[in-house]
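Below are the chains, spelled out letter by letter.
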Amino acid sequence: MARNKGKTRVVKNEGRRDGKKPPRSHVSYVDIEQVKQRYGGRSTREPRKELHVFGEEEPQNVKKKEHRGVYLLLLGLVLAGIAIGFYFALIIDRIEVVGNEKLERGEVLTISGLNIGEHMLFANLGEARSRLLSSPYIRSAYIKRAYPDKLIITIEERKPVAAIVGVGSYALIDLEGSVMEIAQTNDNGLVAVYGVSSGGYAVGQKIGDYAEFNSETLLEIIAVLSNQGMLDIIESIDMSQPLKIGMTTTYGYTVNIGQPENLTGKLENLPPVLSKVLSMGLEGGTIDLGVLGDPVYSPPEVYQPETEGQEGGDDGEGGEMAPDKAEDGEANQPAPSPAP
């Protein structure tokens, strides 16, 4: 191929298969200017890019890395904002207390140790529940998370039903025998229990844990009376004599239980007998439940003092004259009061 000015000569050799000398090569010229005009000066090969040290032109992969870094930075900022918003959205803003009757809401929160402003996920609800259960006034407690910012505390309070009479003090107990308080008076009108010492009991403990005979018997009596709805009419329980347990009612009747055997069966006879006696208008007396299945009511004994006429005889000798034997014309005068 020969190169001329402005044109390019292309020599094409045509060979023959018979092995003879090929004829003279055919020479043709290609106009380079026409090619440039036709293809707009474009070349089939990409020009080689140069890397300038001073940043006049940066390679494509460096720009892609820079864009990727910006995207990652923006994504990190967005995730951080979401995390911060989620954290502050779970800050405890409300604490609701349910089931409290005697205790105030502030007292329940103080016992639990929970405060507004803590984080929902970091608040130790198990420890707070243990604190609530350690109170002698709370029987059960449950704490629930109400997302996003609320806690619900549900409690069941203990209710005193009896007061064990001690020396100058009263141990207030509930149905389970848990000592709620050592009080100086029995102002609430609870069932007064005699014959069970209150000196060895401590607040928060149960009298049944001591495995004492009187304590176990007392809890059984209280449970039966509570199931029958008769605790409100019982004024006192006397357990000073273990084989002769007695009670007094607000209606003025004395109830004899006898030995602490078959207490449930004996006390089940009390409501119908008491209802029958009240319907008959009988006041006072004793209801004996000592014999199972055979309750007996005894009216109160009435004391009748002797009259003065019976002391001196029928004729009035040795005493004053009877009013019906006074002489005619004399008015019946009352006997003068003796001199002091």
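Each chain has its residues counted from 1, following the order in which its sequence is written. The predicted nature of this model means local features are confined to residues of pLDDT at least 70 and side-chain atom pairs, given and counted, to a pLDDT of 80 or more, with totals for whole chains, interfaces and linings taken over all residues. Side-chain measures were taken over the full set of non-hydrogen atoms in the model, leaving aside hydrogen atoms and water.

Draft legend 1. Representation of the environment of Pro148 within the structure. In this structure, Pro148 sits in the loop between β5 (138-146) and β6 (150-157). The cut-offs for exposure are 20% and 50% of the maximum accessible area for each residue type, with area from a 1.4 Å probe on protein chains only; residues under the lower value are buried, those over the upper are exposed, and the others partly exposed. Look at Pro148 and you get partly exposed, because its relative accessible area is 41%. Distance from Pro148 to Ala89, taken between C-alpha atoms, is 6.4 Å for residues 59 residues apart in sequence. Contact partners of Pro148, with chain neighbours within four places excluded, come to Ala89, Leu90 and Met120. Going along the chain from the N terminus, every DSSP run of H or I of four or more residues is numbered as a helix, and every run of E of two or more is numbered as a strand. Throughout, a contact is declared for two residues whenever any of their heavy atoms are within 4.5 Å.

Draft legend 2. Region of the structure containing the sheet that holds strand β4 (residues 94-98). Across the sheet, which stays open at both edges, the 3 strands sit in the order β4-β6-β5 with mixed pairing between neighbours. The open sheet has two edge strands, β4 and β5, and neither has a second partner. Across the sheet, the mean angle from the axis of one strand to that of its neighbour is 15°, orientation sign disregarded. The rule for pairing is simple: two strands pair if DSSP sees at least two bridges between them. Two strands pair when backbone bridges link them, and β5 and β6 are joined in this way by 8 bridges, in the antiparallel orientation. What sits directly across from Lys144, in β6, is Ile152. Working convention: axes come from line fits to C-alpha atoms, limited for helices to the stretch in contact. Angles between N-to-C directions cover 0 to 180 degrees. Contacts from helix α3 (residues 105-112) reach β4, β5 and β6, with the element oriented near 110° to β4. Each of β5 and β6 touches helix α4 (residues 125-133); the most contacted strand, β5, lies at about 160° to it.

Draft legend 3. Main features of the packing of aromatic side chains. Note on aromatic contacts: the rings of Phe and Tyr and the six-membered ring of Trp form a pair at centre separations within 6.5 Å, being stacked when their planes are under 30 degrees apart, edge-to-face when over 60 apart, and tilted otherwise. All chains considered together, the criterion is met by 1 aromatic pair. Look at Tyr253 and Tyr297: their rings are 6.3 Å apart centre to centre, the planes differ by 75°, and that puts the pair in the edge-to-face class. Taken together, the residues Tyr253 in the loop between β12 (245-249) and β13 (254-258) and Tyr297 in strand β15 (residues 296-298) connect sequence positions 44 residues apart.

Draft legend 4. Structural view of the environment of Ser134. Counting through the fold element by element, Ser134 comes out in the loop between α4 and β5. With 22 residues separating them along the chain, Ser134 and Ser112 place their C-alpha atoms 9.8 Å apart.

Draft legend 5. Inspection of the pattern of salt bridges at higher detail. Salt bridge, as used here: a side-chain nitrogen of Lys or Arg that lies within 4 Å of a carboxyl oxygen of Asp or Glu. Tallied over the full model, the rule gives 8 salt bridges. In this structure, the salt-bridge partner of Asp149 is Arg94, at a minimum N-O distance of 3.6 Å. Pair noted here: Asp149 is in the loop between β5 and β6 and Arg94 is in strand β4, with a separation of 55 residues, a long-range link. Measuring nitrogen to oxygen at the nearest pair gives 3.2 Å for the salt bridge that ties Glu176 to Arg158. Remark: Arg158 occurs in the loop between β6 and β7 (162-165) and Glu176 occurs in the loop between β8 (170-173) and β9 (179-183); sequence separation between them is 18 residues. Judged by relative accessible area, which is 30%, Glu176 ranks as partly exposed. Residue Arg158 is classed as buried on the basis of its relative accessible area of 14%. Salt bridges linked by common partners bring Arg139, Glu156, Arg158, Asp174, Glu176 and Lys206 together as one network.

Draft legend 6. The arrangement of the environment of Thr248 in detail. Along the chain, the position of Thr248 falls in strand β12. Residue class for Thr248 comes out partly exposed when judged on its relative accessible area of 24%. Taking the C-alpha atoms as reference points, Thr248 and Ala192, separated by 56 residues in sequence, lie 9.9 Å from one another. Leave out the neighbours within four places in its chain, and Thr248 touches Ile233, Ile234, Glu235, Ser236 and Tyr253.

Draft legend 7. Inspection of the packing of α3 against α4 at higher detail. The N-to-C vectors of α3 and α4 enclose an angle of 120°; their axes lie 7 Å apart at closest approach. On the basis of their axis angle, the class for α3 and α4 is oblique. Residues Val108, Ile111 and Ser112 of α3 lie in contact with α4, whose contacting residues are Ala128, Arg131 and Leu132. Three classes are used, and their members are as follows: Ala, Val, Leu, Ile, Met, Phe, Trp, Tyr, Cys and Pro are nonpolar, Asp, Glu, Lys and Arg are charged, and the others, Gly among them, are polar. Residue composition of the contact of α3 with α4, grouped by class: 4 nonpolar, 1 polar and 1 charged. Roughly parallel refers to an angle under 35 degrees, roughly antiparallel to one over 145, roughly perpendicular to one between 65 and 115, and oblique to any angle outside these ranges.

Draft legend 8. Region of interest: the pairing of β12. Among the 5 residues in β12, 4 count as buried, and that is most of the element. Where strand β11 (residues 234-238) meets β12, 4 bridges bridge the pair, whose relative direction is antiparallel. Pairing of Ile237 across the sheet is with Met247, part of β12. Connecting the antiparallel pair β11 and β12 is a turn made up of 6 residues. Pairing analysis gives 4 bridges linking β12 to β13, with the strands arranged antiparallel. Of the residues in β13, the one forming a bridge with Gly246 is Asn256. Counted along the chain from β12 to the antiparallel partner β13, the turn is 4 residues long, and its residue Gly252 has a positive phi close to 95°.

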